[in-house]
Amino acid sequence: MTAVNLLEFDLEGLAAFCEKLGEKKFRATQLFRWIHQRGASDFTQMTDLAKSLREKLATTARVEALPVVTQHESKDGTIKWLFDVGDGNAVEAVFIPEDDRGTLCVSSQAGCAVGCRFCSTGHQGFSRNLSTGEIVAQLWFAEHFLRKHLKRNERVISNVVMMGMGEPLQNYSALVPALRTMLDDNAYGLSRRRVTVSTSGVVPMIDRLGIDCAVAMAVSLHAPNDALRDDLVPLNRKYPIAELLEACKRYLAYAPRDFITFEYCMLDGVNDQPEHARQLIELVRTHDVSCKFNLIPFNPFPASGLLRSPQPRVLAFAKTLSEAGLVTTVRKTRGDDIDAACGQLAGDVKDRTRAAERMAQRRASERTIVLHPVRKTTPLEH
Ligand code: SAH
Ligand code: SF4
């Protein structure tokens, strides 16, 4: 029997595991605290657990981080890790320190099946879902590494954003226990307002998340109309903007914050024109969604064929939205010297699936309208 990695369990899962070992449920809380609050992986250290339990754990369980492939630290304190998840796949996590908080950007999948045009993860294609343990391992490792690295005894990571690689709501069953572990007072004790799920718009799962584990929500909008969004975020063909905005409104009934953050990646000449800003204003008014806009400077990569909008255009766009009463921020770029920005790892990660090629083929076929020759039918042919 291979030993179970205990990072796979939220507290409820760990309690069930302890029960299977013939232990009282409350032992799970002690164990959970050792692992997540203190960063312990060696059961012999856990001296307040009975020796018999420690011995059972030694043969049935383990607490194991993901192997670190690379670690880069930026001049501004941003740290990016690339973790090995096997079979040539790697995922990233990024720590972004600010004066009043420490944010960890976490990955949910190796690759992504949504295939957004401006995203290098999307261009890699989809390899596989991460397990709960692989999602939690990014936080477990980063938090306890940083405490030592920064010589801090108290918590370093105060916020988690699910904005690394992958579409979290397409890995729902692994995501929810991972979020619960982040929120649990016996583990990281993060506030619901400080854990953000970012999604390209998997409508049914937005509804489920509201019920199962409501945390802050960011939605990657990127376009003010379906024609453009169909092209930039292909999932829009399944869940068009109107359905997405209605799901956002429903989510607000559960959300810990009273707004949804709309992310909008500014692409030169594509979605950054004055008419796009006007359409956005109209859209959120029509659907009456309480929201904030976060304009993201595009991180260009050659295969996308797209360019970053010039800063004056981004600012003009932000001004138009703000003047219409929409709270709008422009995202600061951090860790530029280490390529820590979203989806910048394509070059580092082995492209096992020749995904870029497949994407190009798919796009070409989507754009081509096949004109079938029309044969004139004459009565004689019948
Ligand atoms: N799949 C989820 C979360 C991961 S992507 C989602 O799409 O929301 C996190 C954010 O980074 C999203 O808003 C995404 O649109 C943005 N992003 C992806 N590639 C980018 C790029 N090259 N430049 C700027 N933002 C990018
Ligand atoms: Fe996937 Fe998000 Fe990238 Fe789109 S932006 S391809 S949903 S990771």
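Please read these numbers as outputs of a predicted model, since none were measured by experiment. Going along each chain's sequence as written, the residues are numbered from 1 onward. Note on labels: chains are lettered from A, ligands numbered from 1, in written order. It should be noted that, the model being predicted, local features are given only for residues of pLDDT at least 70 and side-chain atom pairs only at 80 or more, the latter also being counted only at that level, while totals for whole chains, interfaces and linings use all residues. Processing note: side-chain calculations cover all non-hydrogen atoms of the structure and skip hydrogens and water entirely.

Things to note about the pattern of salt bridges
Right, on to step 1. By salt bridge we mean one thing: a side-chain nitrogen of Lys or Arg within 4 Å of a carboxyl oxygen of Asp or Glu. Tallied over the full model, the rule gives 14 salt bridges.
Right, on to step 2. A salt bridge links E154 to R152, with the shortest nitrogen-to-oxygen separation between them at 3.5 Å.
Right, on to step 3. A salt bridge links E323 to K319; its shortest N-O distance comes to 3.3 Å. Taken together, the residues span about one helical turn, with E323 and K319 both in helix α11 (residues 311–323) at a distance of four residues. By the burial criterion, E323 is exposed, and K319 matches it.
Right, on to step 4. What you see here is one network of salt bridges that share partners, running through D268, D272 and R313. A run of H or I in DSSP counts as a helix once it spans at least four residues, and a run of E counts as a strand once it spans at least two, with each numbered from the N terminus. Three exposure classes are used, based on accessible area relative to the maximum for each residue type with a 1.4 Å probe and protein chains only: buried under 20%, partly exposed in between, and exposed over 50%.

Here we look at the nonpolar core
Right, on to step 1. To define a nonpolar core, start from buried Ala, Val, Leu, Ile, Met, Phe, Trp, Tyr and Cys residues and group those joined through side-chain atoms within 4.5 Å. Counting 112 residues, the largest nonpolar core has L6, L31, L57, W81, L179, L209 and F262 as its most contacted members.
Right, on to step 2. Of all hydrophobic cores here, the second largest spans six residues; its members include V94, I96, M163 and A218.

Considering the sheet that holds strand β10 (residues 195–199)
Right, on to step 1. The strand order across the open sheet formed by ten strands is β3-β4-β5-β6-β9-β10-β11-β12-β13-β14, and the pairing between neighbours is mixed. Two strands close off the open sheet at either side, each with one partner strand: β3 (68–73) and β14 (327–330). Pairs of neighbouring strands in the sheet enclose a mean axial angle of 20°, with direction left out of account.
Right, on to step 2. One ladder, built from three bridges, connects strand β9 (residues 159–162) with β10; its direction is parallel. Among the inter-strand pairings, M162 is bridged to a residue of β10, identified as V197.
Right, on to step 3. Any pair of residues with heavy atoms lying within 4.5 Å of one another is described as a contacting pair. An axis is simply a line fitted to the C-alpha atoms; with a helix, the fit covers only the stretch in contact. Between two such axes, the angle follows the N-to-C directions and lies from 0 to 180 degrees. Here helix α5 (residues 132–149) sits on the sheet and contacts β3, β4 (79–86), β5 (89–98), β6 (101–105) and β9; the angle it forms with β4, its principal contact strand, is near 140°. Note on pairing: two strands pair once DSSP finds at least 2 bridges between them.

Re the environment of E12
Right, on to step 1. Looking at where E12 falls in the secondary structure, it is placed in helix α1 (residues 11–20).
Right, on to step 2. We classify E12 as exposed; its relative accessible area is 64%.

Regarding the site of ligand 1
Right, on to step 1. One heavy atom suffices: a residue is near a molecule or strand as soon as one of its heavy atoms comes within 4 Å of it. As a structural note, the neighbourhood of ligand 1 is formed by 20 residues, with F118, G166, S198, S220 and H222 the closest of them.
Right, on to step 2. Pairs of N or O atoms are called polar contacts if they sit within 3.5 Å, as long as, within protein, a hydrogen donor faces a hydrogen acceptor (for residues adjacent in sequence, only side-chain-to-side-chain pairs). One nitrogen or oxygen atom from the side chain of H222 is found 2.6 Å from an oxygen atom belonging to ligand 1.
Right, on to step 3. Within the side chain of E263, an N or O atom sits 3.1 Å from an oxygen atom of ligand 1.
Right, on to step 4. When ligand 1 is considered free in solution it has 530 Å² of accessible area, and contact with the protein chains removes 96% of it. Working definition of accessibility: Shrake-Rupley area with a 1.4 Å probe, residue cover restricted to the visible protein chains.

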